[in-house]
Amino acid sequence: MPPPADIVKVAIEWPGAFPKLMEIDQKKPLSAIIKEVCEGWSLGNHENFALQIADATNFYITEKNRNDIKNGSILRLTTSPYQTAIQLHERIQSSSMDAKLESLKDLANASRDITFAQEFINLDGISLLTQMVESGTERYQKLQKIMKPCFGDLLSFTLTAFVELMDHGIVSWDTFSVAFIKKIASYVNKSAMDTAVLQRSLAILESMVLNSQDLYHKVAQEITIGQLIPHLQGTDQDIQTYTIAVINALFLKAPEEKRQVDEHIVDILNCPLTEMAHILAQKQLRSIILSNVIRSATPINDEMAHQLYVLQVLTFNLLEDRMMTKMDPQDQAQRDIIFELRRIAFDVECEPNNSGSIEKRKSMYTRDYKKLGFINHVNPAVDFTQIPPGMLALDNMLYFARHHQDAYIRIVLENSSREDKHECPFGRSSIELTKMLCEILKVGELPSENCHDFHPMFFTHDRSFEEFFCICIQLLNKTWKEMRATSEDFNKVMQVVREQIMRALTLKPNSLDQFKSRLQNLSYTEILKIRQSERMNQEDFQSRPILELREKIQPEIMELIKQQRLNRLCDGTCFRKISSRRRQDKFWYCRLSPNHKVLHYGDLEESPQGEVPHDSLQDKLPVADIKAVITGKDCPHMKEKGALKQNKEVLELAFSVLYESDEYLNFIAPDKHEYCVWTDGLNALLGKEMTSDYTKSDMDTLLSMEMKLRLLDLENIQIPEAPPPIPKEPSNYDFVYDCN
């Protein structure tokens, strides 16, 4: 007979004694269980003891997490969080260097547990650590020459404990003094500093900036770009990652007015990190990141790729202001830019006001503006009142005209000499292309939390967006000629150009020249071949018999997809636990039983490399108890306060299973594919329709394959709209074979 669901069989350790096998009744108070365990070893004052998970985490068992105890778990009887906090609070103030070092190491490990952290913080432990950093370390620095490793470890463990305690979100970041910030910044600003200390210091500065607008200003005053550059020039990728993370954090929190700075009046190496526009645009930082990070012999890990992606997004977001600024048709300075475009293209100087009649000058301007391809020939300034792309399009056109003058003149004159119906309008094309590039690069959108999609080529030039535009506008003109397009084909040309750009970007070129080379291989003819090849893989027979056959086959294919989804659920998936901390991953696993009646799930210490044993998943949820599957922002774990709520990408991967009255099992899928598999599978179990994009894609693919197999013998035979007539009966049946 199986044991009751509330009884859990565990082993409990105590130093110096043989482990005990016990049955824990989950209905009993935890204090009563601890008392029973203490009495078994004749230990008094049971209130001074607690139970821990006997693994690398050493997390305390509390009333909140006691249901996580599984059959076969190994627990450890230890001192209570309160007693441990008191002991460590005293020990870290020891006058003995060795005792202090050992206690700080223990504190750094214990601080990962939120139960202990709460007790230590209640003893004003955070203030003690900050005081040690502010003033205490001077004492140890005197000993640094004779015991440098000890000093580095001492400070490293102090800062590690601080980071772990603060990551629980119990204490506000706004409580820290300027002296503490200066001290942390000094560790970053020193040329030679212990690697662990430097890494923790950078992490603290990043968290300060992200969590407090007030601290942003204080940190920005202490750190300069010249002091961060040496950390990027090193070979430790973790240090480089944290350094770029600090730059990103400061840039993300910078007030709008601080992001746009005149690059001619700033001393770059000594400028505070509030002048972010100049820092990210100037050559030295970009070239250092390119040579020491992107082109380094060390492969770029996911965290570094994410930080480079964030830096790329924030850099392009500097364009948002110009992108959303309309041109003022009455602003003479802005109108002068259009005059400059005309001057460069046609090699004409601005005529004095008294030269010729007003009508003649207007007629001449109108003629030239038409050749330049503006929609409004009389007043082209009106073309730039559309936002996006606003003034950014005009900026790009002027950059192209000045820095690629030969190509600019060639395009304008080439199109002005064509027949009217075949000319490619440079002005209109530039405006629409700028808008398209902003959409492709998502200018103005905040970085995604989990994206690693950075493009190395954008780090190879100080004006990468403008150069990107210059390459693409020449591509557009080339494609226009290849398509023999007219003004009516404008939107078709733009669609082809978008496809060319997207396909070239997918290949992740390392430089702008490589991107240009890839585009050369994606001519309009090549795009047509690719489209035709893709179209060949799609079913485009639309006659009635074919449609009837499709309808007949669809239920079979849908059943096949359903079985595949259920089989995938039986294989199971590893999910990440919901956490706002990027660098600490916790996992849990969920799978469907082979008979499709029960969901088995449980926690894992690390991401599994192979199959997860069935007996390690102790929790069960009968499928019959499931009431509904909820997705997106309606999920309860997406309604909670925190960073996850604001992340669009996480919202798209979230789903919950509602069971009983108001109980939920909450999921965040590792990717879109797993999200579709699980939501489809759960809906199939509930007898509901599978509606994910993945199901539609599978249906199209499998249905197309099945149709082609069934119609294999009909190749090159025209299928009639109506079925052929039934032939007349034969005059005799002598041709029938007699089986007897």
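Residues numbered from 1 in each chain as written. Predicted model: local features only at pLDDT ≥ 70, side-chain atom pairs only at ≥ 80, totals over all residues. Heavy atoms only, no water.

## Focus: the overall build of the chain
Right, on to step 1. Across its full length, the chain carries 31 helices and 11 strands.
Right, on to step 2. Of all 740 residues assigned to the chain, the portion counted as buried reaches 46%. (Helix = DSSP H or I, 4+ residues; strand = E, 2+ residues; numbered from the N terminus. Buried < 20%, exposed > 50% of the residue type's maximum accessible area, 1.4 Å probe, protein only.)

## Thoughts on the sheet that holds strand 2 (residues 20-25)
Right, on to step 1. Ordered by their spatial adjacency, four strands build an open sheet running 2-1-4-3, and the pairing between neighbours is mixed. The strands lining the two open edges of the sheet, one partner per strand, are strand 2 and strand 3 (49-53). Averaged over all adjacent pairs, the angle separating strand axes in this sheet is 45°, with direction ignored.
Right, on to step 2. Inspection of the sheet shows strand 1 (residues 7-13) paired to strand 2 by six bridges, in the antiparallel sense. Bridge pairing in strand 2 places Val8 opposite Ile24. (Pairing = 2+ DSSP bridges. Axes fitted to C-alpha atoms, helices over the stretch in contact; angles between N-to-C directions.)

## Some remarks on the confidence of the model for the chain
Right, on to step 1. On average, the chain scores 84 in pLDDT, and the residues at 70 or more come to 87%.
Right, on to step 2. Counting interchain partners and residues more than four positions distant, the pLDDT-below-50 stretch residues 143-148 has four contacts.
Right, on to step 3. Low pLDDT (under 50) marks residues 261-274, which in the prediction has 32 contacts with non-local residues, meaning those over four places away or in another chain. (pLDDT = per-residue confidence, 0-100. Contact = heavy atoms within 4.5 Å.)

## A look at helix 8 (residues 195-211)
Right, on to step 1. With 17 residues, helix 8 should cover 24 Å at 1.5 Å per step; its first-to-last C-alpha distance of 24 Å lies within 8% of that length.
Right, on to step 2. When you tally the buried positions in helix 8, you get 12 out of 17 residues, the bulk of the element.
Right, on to step 3. For helix 8, the set of buried residues is Val197, Leu198, Gln199, Ser201, Leu202, Ala203, Ile204, Leu205, Glu206, Ser207, Met208 and Val209. (Expected span 1.5 Å × (residues − 1).)

## A short note on the packing of aromatic side chains
Right, on to step 1. This structure, assessed with the given rule, holds 29 aromatic pairs.
Right, on to step 2. Note on Phe655 and Phe667: the rings are 4.6 Å apart at their centroids and 10° apart in plane angle, and the pair reads as stacked. Note that Phe655 is positioned in strand 10 (residues 654-659) and Phe667 in strand 11 (residues 663-668), a separation of 12 residues in sequence. Here the two residues Phe655 and Phe667 agree in accessibility, since each one is buried.
Right, on to step 3. In textbook terms, an aromatic cluster arises when at least three aromatic residues are bridged by ring pairs, as seen for Phe575, Trp588, Tyr601, Phe655, Phe667, Tyr675 and Trp678.
Right, on to step 4. Seen from the ring of Trp41, Lys20 lies directly overhead, with NZ or CZ sitting 4.9 Å from the centre.
Right, on to step 5. Arg428 extends its terminal NZ or CZ atom over the ring of Phe490, reaching a point 3.8 Å from the ring centre. (Phe/Tyr/Trp six-rings, centres within 6.5 Å; stacked < 30°, edge-to-face > 60°. Lys NZ or Arg CZ within 6 Å of the ring centre and 35° of its normal.)

## Notes on the pattern of salt bridges
Right, on to step 1. Tallying each qualifying case throughout the model produces 24 salt bridges.
Right, on to step 2. The partner of Arg463 in a salt bridge is Glu466, and the shortest N-O contact between them spans 3.2 Å.
Right, on to step 3. What you see here is one network of salt bridges that share partners, running through Glu340, Arg343 and Arg402. (Salt bridge = Lys/Arg side-chain N within 4 Å of Asp/Glu carboxyl O.)

## Remarks on the environment of Ile300
Right, on to step 1. Inspection of the secondary structure puts Ile300 in the loop between helix 14 (283-294) and helix 15 (302-316).
Right, on to step 2. Ile300 sits in the partly exposed class, given a relative accessible area of 28%.
Right, on to step 3. Between the alpha carbons of Ile300 and Thr241 there is a distance of 9.8 Å; along the sequence they are 59 residues apart.
Right, on to step 4. In this view, Ile300 contacts Gln237, Val293, Ile294, Ala305, Leu308 and Phe454; residues no more than four positions away in its chain are not counted.

## Concerning the packing of helix 19 (residues 391-403) against helix 22 (residues 464-483)
Right, on to step 1. Their axes nearest at 9 Å, the elements helix 19 and helix 22 cross at an angle of 75°. For the element pair helix 19 / helix 22, the angle class is roughly perpendicular. Residue-level contacts link Leu392, Asn396, Met397, Tyr399 and Phe400 of helix 19 to Phe465, Glu466, Glu467, Phe469, Cys470, Ile473 and Gln474 of helix 22.
Right, on to step 2. For the contact of helix 19 with helix 22, a count of residues per class yields eight nonpolar, two polar and two charged. (Parallel < 35°, antiparallel > 145°, perpendicular 65-115°, else oblique. Nonpolar A, V, L, I, M, F, W, Y, C, P; charged D, E, K, R; others polar.)

## Things to note about the nonpolar core
Right, on to step 1. With 81 residues, the main nonpolar core has Leu107, Leu129, Phe162, Met208, Ile289 and Leu308 as its most contacted residues.
Right, on to step 2. Leaving out residues up to four positions away in the same chain, Met208 has contacts with Trp173, Phe180, Ile181, Leu215 and Val219.
Right, on to step 3. With 69 residues, the next largest nonpolar core counts Leu398, Cys438, Val443 and Met457 among its residues. (Core = buried A, V, L, I, M, F, W, Y, C linked by side-chain atoms within 4.5 Å.)

## A closer look at the pairing of strand 3
On any regular strand, side chains alternate: one points to one face of the sheet, the next to the other face.
Right, on to step 1. Burial analysis of strand 3 places four of its five residues in the buried class, which makes it a mostly covered element.
Right, on to step 2. Relative to strand 4 (residues 74-79), strand 3 runs antiparallel, the two being bridged by five bridges. The residue bridging Phe49 from the neighbouring strand is Thr79, located in strand 4.

## Describing the sheet that holds strand 11
Right, on to step 1. An order of 9-10-11 is seen for the three strands of this open sheet, with the pairing classed as antiparallel. Each edge of the open sheet carries a strand with a single partner, namely strand 9 (626-631) and strand 11. When the angles between neighbouring strand axes are averaged without regard to direction, this sheet yields 20°.
Right, on to step 2. Examined bridge by bridge, strand 9 and strand 10 share five bridges and lie antiparallel to one another.

## Let's talk about a nonpolar patch on the surface
Right, on to step 1. Taken together, the side chains of Leu210, Leu252 and Leu446 make up a nonpolar region of the molecular surface, amounting to roughly 260 Å² of accessible area.
Right, on to step 2. Turning to its location among the elements, Leu252 is positioned in helix 11 (residues 237-253).
Right, on to step 3. Judged by relative accessible area, which is 32%, Leu252 ranks as partly exposed. (Patch = residues over 30% accessible without salt bridge, like charges linked within 9 Å, V, L, I, M, F, W, Y side chains within 5 Å. Areas by Shrake-Rupley, 256 points an atom, 1.4 Å probe, with all protein chains shown as cover.)

## Section: helix 20 (residues 405-416)
Right, on to step 1. The end-to-end C-alpha separation of helix 20 is 16 Å, in line with the 16 Å expected for 12 residues at 1.5 Å each.
Right, on to step 2. The complete set of buried residues in helix 20 reads Ala407, Tyr408, Ile411, Val412 and Asn415. When helix 20 is viewed along its axis, its buried side chains cluster within an angular range of 125° and face the same direction.
Right, on to step 3. Looking at the buried side of helix 20, the elements it contacts are helix 17 (332-346), helix 18 (358-371), helix 19, helix 21 (426-440) and helix 22. (Arc of directions from axis to C-beta.)

## Some words on the packing of helix 21 against helix 23 (residues 490-506)
Right, on to step 1. Two numbers describe how helix 21 lies on helix 23: the axes approach to 11 Å, and their chain directions differ by 40°. It follows that helix 21 is oblique to helix 23 by the angle criterion. Crossing of helix 21 against helix 23: the hand is right-handed. Residues Arg428, Ser429, Glu432, Leu433, Met436, Leu437, Glu439 and Ile440 of helix 21 pack against Phe490, Met494, Val497, Arg498, Ile501, Met502 and Leu505 of helix 23.
Right, on to step 2. Residue composition of the contact of helix 21 with helix 23, by class: 10 nonpolar, one polar and four charged. (Left-handed = near helix turned anticlockwise from the far one by under 90°.)

## Let's talk about unusual backbone geometry
Right, on to step 1. In this structure, the amide linkage connecting Ile387 to the following residue, Pro388, adopts the cis form with an omega of -20°.
Right, on to step 2. Following the sequence through the fold, Pro388 ends up in the loop between helix 18 and helix 19.
Right, on to step 3. Residue Pro388 is joined to Pro389 through a cis peptide bond whose omega torsion reads 15°.
Right, on to step 4. Structurally, the position occupied by Pro389 is in the loop between helix 18 and helix 19.
Right, on to step 5. For Asp124, which is not a glycine, the phi torsion comes out positive at approximately 65°.
Right, on to step 6. Here Asp124 is to be found in the loop between helix 4 (114-122) and helix 5 (125-141).

## Details of the side chain of Glu340
Right, on to step 1. Mapped onto the fold, Glu340 is located in helix 17.
Right, on to step 2. Classification of Glu340 by relative accessible area gives buried; the value is 18%.
Right, on to step 3. At 3.0 Å, the side chain of Glu340 and the side chain of Arg343 are in polar contact.
Right, on to step 4. Apart from residues no more than four positions distant in its own chain, Glu340 is found in contact with Leu398 and Arg402. (Polar contact = N/O pair within 3.5 Å; in protein donor to acceptor, adjacent residues only side chain to side chain.)

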